[in-house]
Amino acid sequence: MAPSENLAPAGRANTGNGGGAPNGVEKQQRCQFNEVVLRNRLTALLVDGNRFCRTIEQGLLRAYGVETLAVDNGRAAVELIASGVKFNLIVIDMLLPILNGLEATRQIRAMGVRCKMLGVTACSYEREREAFLAAGVDVFIEKPLSPEILVPILRELDGQ
């Protein structure tokens, strides 16, 4: 299955809200936390069966300068990885059509892929978290993917 988007770089982003801060220091700290300027080329595979979520998550990654490829099911992700495409980050939803996120993660890890994997889901029960972590994701979060979670991961991947 073909990816829904081609890899495309974007500029830097500042997602600080810029308003309502009681003083300039708090506003400045908030902006610094949410701002990242990548020194290296980072690539991400986004795997989400929900078109709306995929669009929002892809926009967030691209806003930070991450070249992003998106697919809508687990089988497409596994096939893409099996074809030899490498990524710095894989963001994968738990509930996917054709091949769910747990099994797709297991298969990707079984291929020897060691990039950072971020497991996301709309339902964050403890058993889902444990299952996703056992399947091989490095980080488990409840949707939505936010700058507060994403920025530290991007800084880590960028060596900052």
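Computed from a predicted model, the values in this text were never measured in an experiment.

## Comments concerning the packing of aromatic side chains
- A complete count under the given rule lists 1 aromatic pair for this structure.
- With a centroid separation of 6.1 Å and an interplanar angle of 65°, the aromatic rings of F132 and F140 are classed as edge-to-face.
- The ring centre of Y125 lies 6.0 Å from the NZ or CZ of R127, which sits over that ring.

## Considerations on the environment of R155
- Locating R155 in the fold gives a position in helix α6 (residues 147-157).
- The exposure class assigned to R155 is partly exposed, which follows from its relative accessible area of 22%.
- When the C-alpha atoms of R155 and E35 are compared, they prove to be 9.9 Å apart, with 120 residues separating the residues in sequence.

## Here's the deal with the pattern of salt bridges
- Evaluated as defined, the whole model comprises 9 salt bridges.
- In this structure, D158 engages R39 in a salt bridge whose closest nitrogen and oxygen atoms are separated by 4.0 Å. With a gap of 119 residues between them, D158 in the segment after α6 and R39 in the loop between α1 (24-34) and β1 (43-47) connect regions that are remote in the sequence.
- Looking at D158, the relative accessible area reads 3%, which means it is buried.
- Among the residues examined, R39 registers a relative accessible area of 57% and is labelled exposed.
- The residue E126 makes a salt bridge to R129 at a minimum N-O spacing of 2.6 Å. Remark: R129 and E126 occur in helix α5 (residues 126-135); sequence separation between them is 3 residues, near one turn of the helix.
- The exposure class of E126 is partly exposed, given its relative accessible area of 41%.
- Salt bridges sharing partners connect three or more residues here, namely D48, D93 and K143.

So, how was this worked out
- In this convention, every chain numbers its residues from 1, walking through the sequence in written order.
- Where totals are concerned, whole chains, interfaces and linings use all residues; where local detail is concerned, this predicted model gives features only for residues with pLDDT of at least 70, and gives and counts side-chain atom pairs only at 80 or more.
- With hydrogens and water stripped out, all remaining heavy atoms of the structure feed into the side-chain values.
- Paired rings are identified among Phe, Tyr and Trp, the last through its six-membered ring, by centres lying within 6.5 Å, and are further divided according to the angle between planes into stacked (under 30 degrees), edge-to-face (over 60) and tilted (the rest).
- Charge-over-ring placement is defined geometrically: NZ (Lys) or CZ (Arg) within 6 Å of the ring centre, and within 35 degrees of the ring normal.
- Under the DSSP-based scheme used, a helix requires at least four consecutive residues in state H or I and a strand at least two consecutive residues in state E, with every element numbered from the N terminus.
- Relative accessibility under 20% of the residue-type maximum defines a buried residue, over 50% an exposed one, and the middle range a partly exposed one, all with a 1.4 Å probe and only protein chains included.
- A pair is scored as a salt bridge if a Lys or Arg side-chain nitrogen falls within 4 Å of a carboxyl oxygen belonging to Asp or Glu.

Just distances and angles here, no functional claims.
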